[in-house]
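# Survey of secondary and tertiary structure
Given next are the chains, with one letter for each unit.
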Amino acid sequence: MVQHPSKQIMSQLIKRQWNLHSIQAAVVNSKGEIFSIGETTVADDHDPTAHAEVNAIRKACQQLGTSELPKEYWLYSTFEPCPLCSSAAVWAGVEGIVFANNSNFRGKEQNWSFISCREVLEAGAYIHEVKLVSDFMIDDIKGYFTRHDE
């Protein structure tokens, strides 16, 4: 059985965010391997739902030809999933979510986590229970949005 959270997976996503300047997310399969990666493409795609987490889930479901992920698939994100992304994780049937940064370290970015990931997962538990690991490796990413603040 794969142990979550994985430092190797989150380190890879954090490095991608620092290099690509976009929030990163990945669906991790039951073997502990990254199955799909998504990044935020809202502006490029002219799609308000094109968040990194939704894009990663969408890619994984398309590759598998299903709307519900197999058991033991997890979602990793470099930022706390917003209500949209948290809901998508419930509907997709992910076993758990691991995220690094949280809205306390969003810098001048709009607070899109006005309802916490935990609250959404708790409210959606009657549909599907999702485990949560929050603030994992936060020290490696919390300066991303605040690095230009004065």
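A brief structural summary.

About the criteria used
Residues numbered from 1 in each chain as written. Predicted model: local features only at pLDDT ≥ 70, side-chain atom pairs only at ≥ 80, totals over all residues. Heavy atoms only, no water. Helix = DSSP H or I, 4+ residues; strand = E, 2+ residues; numbered from the N terminus. Expected span 1.5 Å × (residues − 1). Contact = heavy atoms within 4.5 Å. Pairing = 2+ DSSP bridges. Axes fitted to C-alpha atoms, helices over the stretch in contact; angles between N-to-C directions. Phe/Tyr/Trp six-rings, centres within 6.5 Å; stacked < 30°, edge-to-face > 60°. Buried < 20%, exposed > 50% of the residue type's maximum accessible area, 1.4 Å probe, protein only. Arc of directions from axis to C-beta. Salt bridge = Lys/Arg side-chain N within 4 Å of Asp/Glu carboxyl O.

For helix α3 (residues 52–64), with 13 residues, the first-to-last C-alpha span of 18 Å sits near the 18 Å given by 1.5 Å per residue. Contact partners of the buried residues in α3: β1 (24–28), β2 (34–39), β3 (74–79) and α4 (83–92). Directly beyond the C-terminal end of α3, a positive phi value near 70° is found at Gly 65.

With that settled, consider the sheet that holds strand β5 (residues 131–133). Judged by pairing direction, the sheet is mixed, and its 5 strands sit side by side in the order β2-β1-β3-β4-β5 without closing on themselves. Two strands in the sheet have a free side with no partner beyond their single neighbour: β2 and β5. Here the strands of the sheet are splayed against their neighbours by 15° on average, with no regard to which way each runs. Taken together, the 3 bridges between strand β4 (residues 96–101) and β5 define a ladder with parallel strand orientation. Bridging across to β5, Gly 96 finds its partner in Lys 131. Each of β1, β2, β3 and β4 is contacted by helix α1 (residues 7–20), which is oriented at about 40° to β3, the strand it contacts most.

The next point concerns the packing of aromatic side chains. Inspection of every chain in the model, using the stated rule, returns 2 aromatic pairs. When the ring of Trp 18 is compared with that of Tyr 144, the centres are 5.1 Å apart and the planes differ by 80°; the resulting orientation is edge-to-face. Of this pair, Trp 18 sits in helix α1 while Tyr 144 sits in the segment after β5; the two residues are 126 residues apart in sequence, bridging distant segments of the chain. Judged by its relative accessible area of 6%, Tyr 144 is buried. Relative to Tyr 73, the ring of Phe 35 lies with its centre 5.8 Å away and its plane at 70°, an arrangement referred to as edge-to-face. Taken together, the residues span a long stretch of sequence, with Phe 35 in strand β2 and Tyr 73 in the loop between α3 and β3 at a distance of 38 residues. Residue Phe 35 is classed as partly exposed on the basis of its relative accessible area of 24%.

This next bit is on unusual backbone geometry. A negative phi angle is the norm for most residues apart from glycine, just as the trans form is the norm for most peptide bonds. Backbone torsion omega between His 4 and Pro 5 reads 10°, so that peptide bond is classified as cis. For Pro 5, the location among the structural elements is in the segment before α1. Here His 46, not a glycine, exhibits a phi torsion of approximately 50°, which is positive. Assignment of secondary structure puts His 46 in the loop between α2 (42–45) and α3.

Under the 1.5 Å per step criterion, the end-to-end length of α1 is 19 Å for 14 residues, consistent within 8% with the ideal 20 Å. The set of residues buried in α1 consists of Ile 9, Met 10, Leu 13, Ile 14 and Gln 17. Within α1, the buried residues cover an arc of 130° as seen down the axis, which keeps them to one side. For α1, the exposed residues lying more than 90 degrees away from the buried face are Lys 7, Gln 8, Lys 15 and Asn 19.

As a working rule, side chains carrying opposite charge can pair if their charged atoms are close by. With the rule as written, the count across this model stands at 3 salt bridges. When the shortest N-O distance is used, the salt bridge between Arg 16 and Glu 39 registers 3.7 Å. Of this pair, Arg 16 sits in helix α1 while Glu 39 sits in strand β2; the two residues are 23 residues apart in sequence, bridging distant segments of the chain. With a closest N to O distance of 3.2 Å, Asp 139 and Lys 142 form a salt bridge. Given a relative accessible area of 61%, Asp 139 falls into the exposed group. Judged by its relative accessible area of 30%, Lys 142 falls in the partly exposed class.

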